[in-house]
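Reading the structure
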Amino acid sequence: MSAPALKFAAFHPLALRPLAAFATAAARQQATHRSELLAMAFGAFMDVFARISIWKAVYAGREDMAGISLAEMITYALVGSTFLSSWDAALIVREIGAAIRSGQIGATLMRPVSFPGMLFAEQLGPRLLQFAVVCLPVIAILASVYGIQPPASPGHFLLFVAHVALSTTLLFLIAIFFGLLSFWVLEAHSLEWFMRGLTALLSGGLVPLWFFPPALGAFAHALPFAWITYYPMACYLGRADLFTSTLLFAAGVGWALVLGACIAVLWRLTTRRVTVQGG
Amino acid sequence: MVGREDATSDSMTGEVRAPAPPGINLALYWHLMRLRARTRLQYRASLVLAWISQGFGYAGTFASIWVILNRFGGLGGWSWPEMAFLLGFHTFAYAIGAVFTFTQFRGMDAMVREGEFDMLLVRPVNPWSFIVFSGVDLQYGSHFVLGAGLMITGAAALPLAWDAGLMLRFLASLLSAALLTGAMFTIIGAFAFVLGRSRYVFGLYFDLWELSRYPIGIYTAPLQIILFTVLPFAYMSFVPVSVMIGKPVPLLGGAAPVLALAAGPILALMAALFWRACLRRHQDIGG
């Protein structure tokens, strides 16, 4: 494929229209698989339930730990593991790997739409649907049993909503980054597991970084993974004032830009590589 | 069939060719496993990378659990060494069962749908055994290393007297838990004959499987009852490990030591019956 076509696809504002179409089509496709959505809801329910059980067990007889109460941890489990941690974005790595192995990537690159953009749209559509039909019902059911804390303030809530968008974007960018590496490594399966391992620990998905040993905590606080679950939930719970929370959000946007730049470079190298292989 | 034809060019010889009743031809199964292993070992670097990366993925979750225990000192009355032993046992026993059944039965619905399974029915071999042994999966290296490492870490810090009795119980418990894993995957695979699509059921399996990583006592009573009875995930590691390290088992009490060893064989028997019933139904439909 020619380089100008790629540029058009990646930067022209009109390219958003096909991306929206991809997102809608993917969401519709997901909506038709009701049993899959039900299974997803069951999975999310069990996952949140397990986390709440863990926190209830470790907090038995304790008021708080590191200044965090049990009620806050239940909220962290409810909101964090549904809106922020339930998306197994590592599957994107598998998808890219499969497209490379089967050669389908060649046909995909011929389309007048950027490949990463298309992948993002295809993930975003079903993800928004899952927010509505999986996450919200699970939160509502379990919150009615265990209780949930409201956001610290309206300002924190608005910032949290922005954080959810940033978290989804970062997770996607990290997945694309790992996925594009499979043009060189050709072992998407392994890259997928590396990503899963890093995200499981460093995003604060299961355990917030407050509870980490100091050295590991300091390291994890600075990496982009922390903006996937930990910082958004810290914002929701009002662990920092609005000004600091806004600064932290800006730092997360900075990470997104850095990752975006890395992907742009990788993507350029990748498309050249595909041309060489094809020629 | 592939196994028989290829047998002539290998060290496997007479036994494979000799007519034997389907289902008990051990030499053939051994040969099928060797074929599969040799195929996978053609790409050694890829296999090792898969082990390392999968181990890394699991280590991320185990590290999170360690962080909780490190900070809070315990989880539902379980200290880190006890928890390490539990996690190690869970991972190791699962891997033994999964080597023979997971990837094999994960693709079962596609096999049935695309008619590949019907091809097996006309072969002079038990279809279940063929699927299991010809698909033996070597990707669990990191499970074994991580599982053994965690068990050794835990056992070293626990006051366990590793005499012949405990050793025997440990091995029998591992076997029972591995049988339990294989039986569950067989049952889910057999759903393909009834449901048409069974792959998503594996997702449900793993949702519950992840619960069984933790001490079952931390869950509410109704869920505990489910995990001890209709969905017997408690026997994957919680019951056998509790018995070995002398921790009380809720609901089961004095029956726990026997059930820890019997759960696997019992479920395997039930899985065999279920598989046969579903297979009969499949043949009925097929005419």
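None of the values given here were measured: they were computed from a predicted structure. (Residues numbered from 1 in each chain as written. Chains lettered and ligands numbered in written order. Predicted model: local features only at pLDDT ≥ 70, side-chain atom pairs only at ≥ 80, totals over all residues. Heavy atoms only, no water.)

Here the focus is the pattern of salt bridges. Enumeration over the complete set of coordinates arrives at four salt bridges over all chains. The residue Arg239 of chain A makes a salt bridge to Glu72 of chain A at a minimum N-O spacing of 3.0 Å. Taken together, the residues span a long stretch of sequence, with Arg239 of chain A in the loop between α11 (230-236) and α12 (242-278) and Glu72 of chain A in helix α4 (residues 70-84) at a distance of 167 residues. A residue is classified by how much of its surface remains accessible, and Arg239 of chain A, at 36% relative accessible area, is partly exposed. In this structure, the salt-bridge partner of Lys247 of chain B is Glu82 of chain B, at a minimum N-O distance of 3.2 Å. A residue pair is termed long-range when its members are at least 10 positions apart, and Lys247 of chain B in the loop between α13 (238-245) and α14 (256-286) and Glu82 of chain B in helix α5 (residues 80-106) qualify at 165 residues. A relative accessible area of 13% places Glu82 of chain B in the buried class. (Salt bridge = Lys/Arg side-chain N within 4 Å of Asp/Glu carboxyl O. Helix = DSSP H or I, 4+ residues; strand = E, 2+ residues; numbered from the N terminus. Buried < 20%, exposed > 50% of the residue type's maximum accessible area, 1.4 Å probe, protein only.)

A few words on empty space enclosed by the protein. Residue and element names in this part refer to chain A. The full count for this structure, using the stated rule, is two cavities of 30 Å³ or more. Of the pockets and cavities examined, the largest cavity occupies roughly 40 Å³. Phe83, Leu84, Trp87, Arg127, Ser167, Thr168 and Leu171 are the residues that line the largest cavity. Listed by contribution, the elements that provide at least two residues to the lining of the largest cavity are α4 and α8 (154-185). (1 Å grid on protein atoms, 1.4 Å probe; cavity = no way out; pocket = protein on both sides within 12 Å on 5 of 7 lines; lining within 4 Å. Points joined across faces, edges and corners; volume = space filled by probe spheres on them.)

Residue and element names in this part refer to chain A. Running from N to C, helix α5 (residues 90-102) and helix α9 (residues 188-202) cross one another at 170°; their axes reach a closest spacing of 8 Å. Considering the angle they form, α5 stands roughly antiparallel to α9. Seen along the crossing, α5 lies across α9 with a hand that is right-handed. Judged by residue contacts, Ala90, Leu91, Val93, Arg94 and Gly97 of α5 engage Ala188, Leu191, Glu192, Met195 and Arg196 from α9. Split by residue class, the contact of α5 with α9 holds six nonpolar, one polar and three charged. (Axes fitted to C-alpha atoms, helices over the stretch in contact; angles between N-to-C directions. Parallel < 35°, antiparallel > 145°, perpendicular 65-115°, else oblique. Left-handed = near helix turned anticlockwise from the far one by under 90°. Contact = heavy atoms within 4.5 Å. Nonpolar A, V, L, I, M, F, W, Y, C, P; charged D, E, K, R; others polar.)

Working definition: an aromatic ring pair is given by the centre-to-centre distance plus the angle between the planes. Residues and elements named next belong to chain B. Tallied over the entire structure, the rule returns 45 aromatic pairs over all chains. Plain terms: the ring middles of Tyr94 and Phe185 are 6.2 Å apart, the flat faces sit at 75° to each other, and that makes the pair edge-to-face. Of this pair, Tyr94 sits in helix α5 while Phe185 is found in helix α10 (residues 164-195), placing the two residues 91 residues apart along the sequence. Relative accessible area serves as the criterion here: at 0%, Phe185 is assigned to the buried category. (Phe/Tyr/Trp six-rings, centres within 6.5 Å; stacked < 30°, edge-to-face > 60°.)

Residues and elements named next belong to chain A. A contiguous nonpolar patch, built from Trp184, Val185, Val265 and Leu269 and spanning about 340 Å² of accessible area, is present on the exposed surface. Elements with a contribution of two residues or more to the nonpolar patch: α8 and α12. Overall, Val185 belongs to the partly exposed group, its relative accessible area being 38%. (Patch = residues over 30% accessible without salt bridge, like charges linked within 9 Å, V, L, I, M, F, W, Y side chains within 5 Å. Areas by Shrake-Rupley, 256 points an atom, 1.4 Å probe, with all protein chains shown as cover.)

Moving on, we get to unusual backbone geometry. With a phi angle near 55°, Ala66 of chain A is a residue other than glycine that sits in the positive phi range. Turning to its location among the elements, Ala66 of chain A is positioned in the loop between β1 (64-65) and β2 (68-69). Accessibility expressed as a relative area gives 43% for Ala66 of chain A, which makes it partly exposed. Positive phi outside glycine occurs at Leu251 of chain B, with the angle close to 70°.

Residues and elements named next belong to chain A. Along the chain, Thr82 turns up in helix α4. Under the relative-accessibility criterion, Thr82 is labelled buried at 1%. Among the polar contacts listed, one links the side chain of Thr82 to the backbone oxygen of Leu78, at a separation of 2.7 Å. Not counting residues up to four positions away in its chain, the partners in contact with Thr82 are Val48, Ala77, Arg127, Cys135, Val138 and Ile139. (Polar contact = N/O pair within 3.5 Å; in protein donor to acceptor, adjacent residues only side chain to side chain.)

With 182 residues, the main nonpolar core has Trp55 and Phe211 of chain A together with Tyr94, Phe117, Phe185, Tyr219 and Val239 of chain B as its most contacted residues. In this structure Trp55 of chain A touches Leu70, Met73, Ala77, Leu206, Val207, Pro208 and Phe211 of chain A together with Ile68 and Phe72 of chain B, once residues within four positions along its chain are discounted. (Core = buried A, V, L, I, M, F, W, Y, C linked by side-chain atoms within 4.5 Å.)

A few words now on the interface of chain B and chain A. The figure often quoted for interface size is the accessible area lost as the parts come together. The partner chain A presents 35 residues to the 35 residues of chain B that form the contact. For the pair chain B and chain A, the two sides together bury roughly 3,100 Å², of which 75% comes from carbon and sulfur. Viewed at the interface, chain A and chain B are joined by zero salt bridges. One can count three residue pairs in polar contact (both at pLDDT 80 or more) joining chain B with chain A. For the side of chain B that touches chain A, the secondary structure elements donating two or more residues are α4 (44-72) and α11 (199-211) of chain B. Ranked by the residues each element gives to the side of chain B that touches chain A, the list is headed by α4 of chain B, at 20 residues. (Buried area = accessible area lost by both parts, 1.4 Å probe.)

This paragraph deals with the environment of Leu70 of chain A. All names here are of chain A. Secondary-structure assignment places Leu70 in helix α4. Once the C-alpha coordinates of Leu70 and Trp87 are considered, the two residues, 17 residues apart in sequence, prove to be 25 Å apart. Among all residues touching Leu70, those that are not within four sequence positions of it are Trp55, Lys56, Tyr59 and Glu63.

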